[in-house]
Amino acid sequence: MCAMLNQDLHPELISRRGESTAWGLMLVVSLTIGLMYWRLGTVPGAAWIFFGLLVFAALSTSLGNWMDRKTVLRADGDGVSFVNGVRHVSFEWGDIQKVNVIPLRWGKSVQVIGDGAHFEFRTLGEVQYQGEVRGRLGFAEGEAILRHILKETGLTLSKEEKGRYYYSRE
């Protein structure tokens, strides 16, 4: 039996420094636009486009961090469930039709696919800079989770292509 059975598993959480930086830059650009309008009476279109990109970046980063903090993956005797604040998917083992494993720069993306629903998680990846680990992302137990899903579903390798593995029912 798998040691992670009946446990709520959470991904590694990345630093929120990038989120703070994005919101800080957006605030600086907002003040700059306000100052330009006050002094010049107009604001160039490029400034509005830059402001829009910063708002999008800040919102996207905040949403991603919020979803990471809400993410829970749980496997039990009956199946697996995945929740991340936006998506809630539960599968009984027999409902899982495919599992795709795709290498990424940091870790692997594991896509779990059933009838009309799917979820995706990342195995552990370590971000290194000059030989030093600067961050970790994904599930520390990711490889064990993948092995457990494949064992419980009985899926077999149907195709391997350029380091990508596709498992299905045959």
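Just so you know, these numbers come straight off a predicted model, no measurement behind them.

(A) Representation of the packing of aromatic side chains in the model. In the structure shown here, the tally under the stated rule is 5 aromatic pairs. Grouping aromatic residues by their ring pairs yields a cluster made of F82, F91, F119, F121 and F139. The ring of Y166 has K159 sitting right over it, with the charged end atom 5.8 Å from the ring centre.

(B) Spatial organisation of the pattern of salt bridges. Summed over the entire model, instances satisfying the criterion amount to 7 salt bridges. Measuring nitrogen to oxygen at the nearest pair gives 2.9 Å for the salt bridge that ties E19 to R16. Overall, E19 belongs to the buried group, its relative accessible area being 10%. Judged by relative accessible area, R16 falls into the partly exposed class, the value being 40%. K108 is the partner of E143 in a salt bridge, and the nearest nitrogen-oxygen pair spans 3.0 Å. Here E143 is found in helix α3 (residues 142-153), whereas its partner K108 is found in strand β6 (residues 108-114), with 35 residues between them in sequence. Note on E143: relative accessible area 33%, which makes it partly exposed. Residue classification places K108 among the partly exposed residues on the basis of a relative accessible area of 31%. A single network of salt bridges, built from pairs that share partners, joins E12, E126 and R136.

Rules of the game
- Residues numbered from 1 in each chain as written.
- Predicted model: local features only at pLDDT ≥ 70, side-chain atom pairs only at ≥ 80, totals over all residues.
- Heavy atoms only, no water.
- Phe/Tyr/Trp six-rings, centres within 6.5 Å; stacked < 30°, edge-to-face > 60°.
- Lys NZ or Arg CZ within 6 Å of the ring centre and 35° of its normal.
- Salt bridge = Lys/Arg side-chain N within 4 Å of Asp/Glu carboxyl O.
- Buried < 20%, exposed > 50% of the residue type's maximum accessible area, 1.4 Å probe, protein only.
- Helix = DSSP H or I, 4+ residues; strand = E, 2+ residues; numbered from the N terminus.

Function-wise, these values are silent; they only describe arrangement.
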